[in-house]
Amino acid sequence: MAKAFAVTEAIKSLAEAESRLNLRRSEDETFFTEWQTELPPVNDSEQTALDTLRRRLLYHRADGELLEGAVTLLVASPLLELAGFYDPPFKMKAEAAIEIAIDDGEEKLRGRIDVLILQNQLWVMVLESKKTTISTRSALPQALAYMMANPDLDKPRFGVLTNGDDVLFVKLLAQPMPQYALSRAFSIYTIASELRSAFQILKHFAQGITHSES
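Since this is a predicted model, take the numbers as computed values, not measurements. (Residues numbered from 1 in each chain as written. Predicted model: local features only at pLDDT ≥ 70, side-chain atom pairs only at ≥ 80, totals over all residues. Heavy atoms only, no water.)

Can you walk me through the side chain of Thr162 in this structure?
Tracing the chain through its elements places Thr162 in strand β8 (residues 157–162). A residue is classified by how much of its surface remains accessible, and Thr162, at 3% relative accessible area, is buried. At 3.1 Å, the side chain of Thr162 and the backbone nitrogen of Gly164 are in polar contact. A polar contact is formed between the side chain of Thr162 and the backbone oxygen of Asp166, at a distance of 2.9 Å. (Helix = DSSP H or I, 4+ residues; strand = E, 2+ residues; numbered from the N terminus. Buried < 20%, exposed > 50% of the residue type's maximum accessible area, 1.4 Å probe, protein only. Polar contact = N/O pair within 3.5 Å; in protein donor to acceptor, adjacent residues only side chain to side chain.)

This is the structure we're talking about:
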(Lines give C-alpha, C1' and ligand atoms only; values in the text may rest on other atoms or scores of the structure.)
Protein backbone atom coordinates (compact mmCIF):
# COMPACT_ATOMS: atom_id res chain seq x y z
CA MET A 1 0.00 0.00 0.00
CA ALA A 2 1.29 3.46 -0.88
CA LYS A 3 2.38 5.61 2.01
CA ALA A 4 0.42 8.82 2.62
CA PHE A 5 1.81 12.08 3.92
CA ALA A 6 0.47 15.59 4.40
CA VAL A 7 1.73 18.01 1.76
CA THR A 8 3.03 20.33 4.48
CA GLU A 9 5.09 17.49 5.96
CA ALA A 10 6.39 15.87 2.78
CA ILE A 11 7.17 19.02 0.77
CA LYS A 12 8.68 21.69 2.96
CA SER A 13 10.98 23.46 0.50
CA LEU A 14 11.06 24.50 -3.12
CA ALA A 15 13.93 22.09 -3.75
CA GLU A 16 11.81 19.19 -2.45
CA ALA A 17 8.86 20.24 -4.60
CA GLU A 18 10.99 20.42 -7.73
CA SER A 19 12.68 17.10 -7.02
CA ARG A 20 9.59 15.10 -6.02
CA LEU A 21 7.37 16.53 -8.74
CA ASN A 22 10.05 16.54 -11.46
CA LEU A 23 9.52 20.29 -11.87
CA ARG A 24 11.86 22.98 -13.07
CA ARG A 25 11.56 26.74 -13.07
CA SER A 26 11.47 28.28 -16.52
CA GLU A 27 13.89 31.11 -17.22
CA ASP A 28 12.26 31.85 -20.58
CA GLU A 29 10.76 35.35 -20.39
CA THR A 30 8.07 34.37 -22.90
CA PHE A 31 6.83 31.45 -20.77
CA PHE A 32 4.64 33.56 -18.46
CA THR A 33 3.52 36.73 -20.20
CA GLU A 34 -0.08 36.67 -18.96
CA TRP A 35 0.72 38.82 -15.92
CA GLN A 36 2.27 41.70 -17.85
CA THR A 37 0.81 42.02 -21.37
CA GLU A 38 -2.57 43.12 -22.74
CA LEU A 39 -4.20 43.50 -19.33
CA PRO A 40 -7.89 44.47 -19.43
CA PRO A 41 -8.98 47.96 -18.35
CA VAL A 42 -10.60 48.67 -14.99
CA ASN A 43 -14.00 50.36 -15.11
CA ASP A 44 -15.35 52.83 -12.57
CA SER A 45 -17.41 50.30 -10.60
CA GLU A 46 -14.45 47.91 -10.39
CA GLN A 47 -12.18 50.71 -9.17
CA THR A 48 -14.72 51.66 -6.53
CA ALA A 49 -14.82 48.04 -5.34
CA LEU A 50 -11.00 47.91 -5.26
CA ASP A 51 -10.87 51.12 -3.23
CA THR A 52 -13.33 49.63 -0.74
CA LEU A 53 -11.31 46.41 -0.56
CA ARG A 54 -8.08 48.23 0.20
CA ARG A 55 -9.73 50.55 2.75
CA ARG A 56 -11.06 47.53 4.62
CA LEU A 57 -7.69 45.79 4.43
CA LEU A 58 -5.89 48.78 5.90
CA TYR A 59 -8.54 49.19 8.60
CA HIS A 60 -8.32 45.61 9.87
CA ARG A 61 -4.58 45.30 9.26
CA ALA A 62 -3.99 48.26 11.59
CA ASP A 63 -4.92 46.04 14.55
CA GLY A 64 -2.14 43.55 13.79
CA GLU A 65 -1.35 40.53 11.66
CA LEU A 66 -4.17 38.80 9.77
CA LEU A 67 -4.75 35.06 9.96
CA GLU A 68 -5.65 32.94 6.93
CA GLY A 69 -9.40 33.27 7.39
CA ALA A 70 -9.24 37.04 7.51
CA VAL A 71 -6.96 37.17 4.46
CA THR A 72 -9.45 35.07 2.52
CA LEU A 73 -12.41 37.23 3.54
CA LEU A 74 -10.73 40.60 3.06
CA VAL A 75 -8.54 39.98 0.00
CA ALA A 76 -8.82 36.66 -1.82
CA SER A 77 -12.56 36.21 -2.01
CA PRO A 78 -13.39 39.81 -3.04
CA LEU A 79 -10.72 39.76 -5.76
CA LEU A 80 -11.90 36.44 -7.17
CA GLU A 81 -15.51 37.62 -7.15
CA LEU A 82 -14.68 40.92 -8.83
CA ALA A 83 -12.64 39.14 -11.51
CA GLY A 84 -15.60 36.91 -12.33
CA PHE A 85 -14.46 33.58 -10.91
CA TYR A 86 -17.68 33.09 -8.94
CA ASP A 87 -19.86 33.34 -12.06
CA PRO A 88 -20.51 31.02 -15.06
CA PRO A 89 -18.71 29.21 -16.56
CA PHE A 90 -16.61 28.80 -13.41
CA LYS A 91 -17.47 26.58 -10.46
CA MET A 92 -15.99 27.12 -7.00
CA LYS A 93 -15.25 24.61 -4.26
CA ALA A 94 -13.88 26.06 -1.01
CA GLU A 95 -11.29 24.08 0.97
CA ALA A 96 -11.48 21.15 -1.45
CA ALA A 97 -9.52 18.08 -0.33
CA ILE A 98 -7.18 16.59 -2.91
CA GLU A 99 -4.80 13.65 -3.12
CA ILE A 100 -1.54 13.90 -5.04
CA ALA A 101 0.30 10.83 -6.35
CA ILE A 102 4.07 11.25 -6.55
CA ASP A 103 6.35 9.49 -9.04
CA ASP A 104 5.27 5.84 -9.57
CA GLY A 105 2.47 5.86 -7.00
CA GLU A 106 4.56 4.37 -4.20
CA GLU A 107 4.17 7.59 -2.26
CA LYS A 108 1.16 9.86 -1.99
CA LEU A 109 0.72 13.35 -0.61
CA ARG A 110 -2.55 14.59 0.80
CA GLY A 111 -3.46 18.17 1.52
CA ARG A 112 -6.16 20.83 1.48
CA ILE A 113 -6.50 23.76 -0.87
CA ASP A 114 -7.85 27.00 0.55
CA VAL A 115 -9.72 27.94 -2.61
CA LEU A 116 -10.14 25.82 -5.73
CA ILE A 117 -11.74 27.18 -8.88
CA LEU A 118 -13.23 24.57 -11.22
CA GLN A 119 -14.44 24.81 -14.79
CA ASN A 120 -15.73 21.61 -16.38
CA GLN A 121 -13.57 19.66 -13.93
CA LEU A 122 -10.58 21.74 -14.99
CA TRP A 123 -8.59 23.29 -12.18
CA VAL A 124 -7.89 26.77 -13.36
CA MET A 125 -6.71 28.44 -10.20
CA VAL A 126 -5.26 27.48 -6.85
CA LEU A 127 -5.01 29.96 -3.99
CA GLU A 128 -3.01 29.47 -0.82
CA SER A 129 -3.74 32.02 1.91
CA LYS A 130 -1.03 32.38 4.53
CA LYS A 131 -0.73 34.48 7.65
CA THR A 132 0.57 37.97 6.88
CA THR A 133 3.68 37.24 8.93
CA ILE A 134 4.66 34.57 6.38
CA SER A 135 6.12 35.41 2.98
CA THR A 136 3.90 34.62 0.01
CA ARG A 137 6.79 32.58 -1.42
CA SER A 138 6.65 30.20 1.56
CA ALA A 139 3.41 28.79 0.11
CA LEU A 140 4.99 28.07 -3.28
CA PRO A 141 6.12 24.45 -2.64
CA GLN A 142 2.63 23.42 -1.50
CA ALA A 143 0.92 25.36 -4.28
CA LEU A 144 3.06 23.65 -6.92
CA ALA A 145 2.15 20.25 -5.46
CA TYR A 146 -1.56 21.10 -5.55
CA MET A 147 -1.34 22.45 -9.11
CA MET A 148 0.45 19.31 -10.31
CA ALA A 149 -2.56 17.26 -9.15
CA ASN A 150 -4.62 18.62 -12.06
CA PRO A 151 -5.40 15.63 -14.34
CA ASP A 152 -5.70 17.83 -17.46
CA LEU A 153 -2.15 17.86 -18.84
CA ASP A 154 -2.69 20.02 -21.93
CA LYS A 155 -3.73 23.35 -20.47
CA PRO A 156 -1.80 25.80 -18.31
CA ARG A 157 -2.61 26.11 -14.62
CA PHE A 158 -2.47 29.38 -12.77
CA GLY A 159 -1.97 29.93 -9.06
CA VAL A 160 -2.36 32.89 -6.76
CA LEU A 161 -0.46 33.16 -3.47
CA THR A 162 -1.36 35.88 -1.00
CA ASN A 163 -0.70 36.68 2.63
CA GLY A 164 -2.89 39.78 2.58
CA ASP A 165 0.04 42.14 2.10
CA ASP A 166 1.38 40.77 -1.18
CA VAL A 167 0.10 38.79 -4.15
CA LEU A 168 2.23 36.44 -6.26
CA PHE A 169 1.12 34.67 -9.45
CA VAL A 170 2.30 31.27 -10.70
CA LYS A 171 1.98 29.57 -14.09
CA LEU A 172 2.57 25.84 -14.51
CA LEU A 173 2.66 23.64 -17.62
CA ALA A 174 2.84 19.85 -17.32
CA GLN A 175 3.83 19.11 -20.91
CA PRO A 176 6.16 18.47 -22.62
CA MET A 177 8.19 18.89 -19.43
CA PRO A 178 6.71 20.09 -16.11
CA GLN A 179 7.82 23.66 -15.54
CA TYR A 180 6.64 26.80 -13.81
CA ALA A 181 7.34 30.51 -13.60
CA LEU A 182 6.50 33.35 -11.23
CA SER A 183 5.34 36.92 -11.58
CA ARG A 184 6.83 39.64 -9.47
CA ALA A 185 5.22 40.18 -6.07
CA PHE A 186 2.52 42.85 -5.94
CA SER A 187 2.53 44.82 -2.66
CA ILE A 188 -1.18 45.53 -2.35
CA TYR A 189 -0.88 46.70 1.26
CA THR A 190 1.91 49.19 0.55
CA ILE A 191 0.97 50.65 -2.83
CA ALA A 192 -2.62 51.30 -3.92
CA SER A 193 -1.92 50.83 -7.63
CA GLU A 194 -0.52 47.34 -6.96
CA LEU A 195 -3.98 46.10 -5.98
CA ARG A 196 -5.36 47.40 -9.27
CA SER A 197 -2.61 45.57 -11.18
CA ALA A 198 -3.23 42.32 -9.31
CA PHE A 199 -6.94 42.56 -10.12
CA GLN A 200 -6.22 43.18 -13.81
CA ILE A 201 -4.12 40.02 -13.95
CA LEU A 202 -6.89 37.96 -12.34
CA LYS A 203 -9.40 39.41 -14.77
CA HIS A 204 -7.05 38.59 -17.65
CA PHE A 205 -6.79 34.99 -16.42
CA ALA A 206 -10.58 34.68 -16.23
CA GLN A 207 -11.11 36.07 -19.71
CA GLY A 208 -8.35 33.97 -21.25
CA ILE A 209 -9.59 30.74 -19.68
CA THR A 210 -13.17 31.45 -20.73
CA HIS A 211 -12.14 32.15 -24.33
CA SER A 212 -10.01 29.00 -24.50
CA GLU A 213 -13.04 26.91 -23.51
CA SER A 214 -15.44 28.53 -25.97
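Here the narrative resumes.
Is there a simple way to think about the layout of surface pockets in this case?
If a probe the size of a water molecule is rolled over the atoms, the empty space left behind becomes visible. Estimated volume of the largest pocket: approximately 200 Å³. Forming the walls of the largest pocket are Arg25, Ser26, Glu27, Asp28, Glu29, Phe31, Phe32, Trp35, Gln36, Ala181 and Leu182. Counted by class, the lining of the largest pocket contains five nonpolar, two polar and four charged residues. (1 Å grid on protein atoms, 1.4 Å probe; cavity = no way out; pocket = protein on both sides within 12 Å on 5 of 7 lines; lining within 4 Å. Points joined across faces, edges and corners; volume = space filled by probe spheres on them. Nonpolar A, V, L, I, M, F, W, Y, C, P; charged D, E, K, R; others polar.)

Help me understand the pattern of salt bridges in this model?
Side chains that differ in sign of charge can pair as their charged atoms come close. Taken as a whole and judged by the stated rule, the model has five salt bridges. For Asp165, the salt bridge identified is with Arg61, shortest N-O distance 2.9 Å. Taken together, the residues Asp165 in the loop between β8 and β9 (167–173) and Arg61 in helix α3 (residues 44–61) connect sequence positions 104 residues apart. We note that Asp165, like Arg61, is buried. Close ionic contact of Glu194 with Arg184 constitutes a salt bridge, the shortest N to O distance being 2.9 Å. Placement of Glu194 in helix α6 (residues 192–213) and of Arg184 in the loop between β10 (179–182) and α6 is noted, with a sequence separation of ten residues between them. Looking at Arg184, the relative accessible area reads 38%, which means it is partly exposed. Connected through salt bridges with shared partners, the residues Arg61, Glu65 and Asp165 form a single ionic network. (Salt bridge = Lys/Arg side-chain N within 4 Å of Asp/Glu carboxyl O.)

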